[in-house]
Amino acid sequence: MTKPVVRRSVLAIDAYVPGKSAAPGAARVFKLSANETPLGPSPKAVDALRALAPKIAAYPDGSATRLRQAIGAAHGLDPERIVCGAGSDDILALLAHAFIEPGDEGIYTQYGFLEYRIVILAAGGVPVIAPETNYKASVDAILERVTERTKIVFLANPNNPTGTYLPKSEILRLADALPPHVVLVIDAAYAEYVRAEDYSAALELAATRDNVVTTRTFSKIYGLAGLRLGWGYGAAPIMDALNRLRGPFNVSAAAIEAGIEAVQDKAHVEAAIAHNARWLPFLTREIEAVGLEVLPSVANFIAIRFPDEAGRTAADADRFLTSRGLVLRAIGAYGMPQFLRLTVGSEEADRLVVAALGEFTASWRAAPRAAHG
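By the naming in an unreviewed UniProt entry, the chain goes by Histidinol-phosphate aminotransferase and is assigned to Methylosinus sporium. Comment text from UniProt for the chain, heading Pathway (unreviewed entry), reads "Amino-acid biosynthesis; L-histidine biosynthesis; L-histidine from 5-phospho-alpha-D-ribose 1-diphosphate: step 7/9." Under Catalytic activity (unreviewed entry), UniProt gives the following word-for-word description of the chain: "L-histidinol phosphate + 2-oxoglutarate = 3-(imidazol-4-yl)-2-oxopropyl phosphate + L-glutamate".

Here is the structure:
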């Protein structure tokens, strides 16, 4: 060899590309592409950051002890079985590296979060895709793809970018049917928004099973996406493995202090839940009323389907909306090129996007709609 050679599994990775945040030429920009909360962070978290400023020369607590205790108290969990990371993405990567040997398989669903494929490949594993049914994960499809080489299953519940979910009974069925050596990772990044009575964030499963882990994030309802903070919970041996792998100071002091205040500010979380409970159905109803299909969602976003016809496509709609300062997320990378994902925003943003989509569809709503293909 005459130069360093990158592993083939790494070169197979398509780097994650975030949604756009700019709308050149627009007087005002409403970023509705990243599933961020329109309410922002807890004021108490902001105050904690200000108080920390004179102390940033010091390293943070490498174990994030006070943060883990706050998370444990908020959810009734053992803090010793909580591992924090720089976003839940960090925890997902640690899990892949802990359990996947080169050539092992990791399963994720057809429209699952793109990061799953990335962390499987980064660990030297083989990504295996389980088809979904009507944009919803299928337990049977997952189980059909389990082999002797399967080491981990990643399942977003609710799923991003579709917003669909599996009920607790299906999650339990999956956990019961998986071989005991296969780690089941339930990524519950949007759990706080879900109002469905048959939903579970799998904390109880993670507390009682040796091979189930649930991951959570502070990037969504808590409004701390810019600080990068997430956590995972599972059996003690799994958490021990993650602690061996993670960086010695993988959570910043800023994330620790803001995270403690955010998870304790119940009123701010409830306000975010109430806002979403009002505007998620509003967006769904009003966008369907202008002739567009919306996937049923329990999270803080919806996926909107556009016709596969010139002038009416998702790309056409994206350009139209962006020109008006309304920035949505194109999700062609997920195999959904006919969709745009829309985050629930402020009341102003939500009303503006509905009006803009009404304007976009006005010229062709009366014409027969093309088949979806």
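The discussion continues.
Caption draft 1: View of the layout of surface pockets. Of the voids in this model, the largest pocket is the one considered here, and its volume is about 510 Å³. Lining the largest pocket are 27 residues, and of these Tyr16, Ala34, Asp89, Phe113 and Lys220 lie nearest its centre. Across the lining of the largest pocket, the residue classes break down as nine nonpolar, eight polar and ten charged. Lining the lining of the largest pocket are residues from two domains, each supplying at least three of them: domain 1 (8-31 + 267-362) and domain 2 (43-265). Along its surface, the second largest pocket is lined by 17 residues, and Asp14, Leu114, Arg117, Ala333 and Tyr334 are the ones closest to its centre. For the lining of the second largest pocket, the element with the highest residue contribution is helix α5 (residues 114-122), accounting for four residues. The residue inventory of the lining of the second largest pocket, partitioned by class, reads eleven nonpolar, three polar and three charged. Residue contributions to the lining of the second largest pocket reach at least three from each of two domains, namely domain 1 (8-31 + 267-362) and domain 2 (43-265).

Caption draft 2: Quick look at the sheet that holds strand β4 (residues 126-130). In space, the seven strands of this open sheet follow the order β2-β8-β7-β6-β5-β3-β4, with mixed pairing throughout. Every other strand in the sheet has two partners, leaving β2 (82-85) and β4 as the edge strands with one partner each. Going from strand to strand, the sheet's axes swing by 20° on average, the running direction of each strand aside. Bridging between strand β3 (residues 105-109) and β4 involves five bridges; their strand directions are parallel.

Caption draft 3: Focus on the pattern of salt bridges. By the definition in use, this model includes 19 salt bridges. Across the pair Lys168 and Glu204 runs a salt bridge, and its minimum N-O distance is 4.0 Å. Within this pair, whereas Lys168 is found in helix α7 (residues 168-177), its partner Glu204 is found in helix α8 (residues 203-208), the two being separated by 36 residues in sequence. A salt bridge links Arg319 to Asp316; its shortest N-O distance comes to 2.5 Å. Of this pair, Arg319 and Asp316 both sit in helix α12 (residues 314-322), three residues apart, which is roughly one turn of the helix. What makes Arg319 exposed here is its relative accessible area of 52%. The exposure class assigned to Asp316 is buried, which follows from its relative accessible area of 17%. Through salt bridges with shared partners, one network takes in Asp140, Glu170 and Arg173.

Procedures and definitions
Residues numbered from 1 in each chain as written. Predicted model: local features only at pLDDT ≥ 70, side-chain atom pairs only at ≥ 80, totals over all residues. Heavy atoms only, no water. UniProt positions renumbered as here; feature names shortened; annotations may be inferred. 1 Å grid on protein atoms, 1.4 Å probe; cavity = no way out; pocket = protein on both sides within 12 Å on 5 of 7 lines; lining within 4 Å. Points joined across faces, edges and corners; volume = space filled by probe spheres on them. Nonpolar A, V, L, I, M, F, W, Y, C, P; charged D, E, K, R; others polar. Domains from an automatic or database assignment. Helix = DSSP H or I, 4+ residues; strand = E, 2+ residues; numbered from the N terminus. Pairing = 2+ DSSP bridges. Axes fitted to C-alpha atoms, helices over the stretch in contact; angles between N-to-C directions. Salt bridge = Lys/Arg side-chain N within 4 Å of Asp/Glu carboxyl O. Buried < 20%, exposed > 50% of the residue type's maximum accessible area, 1.4 Å probe, protein only.

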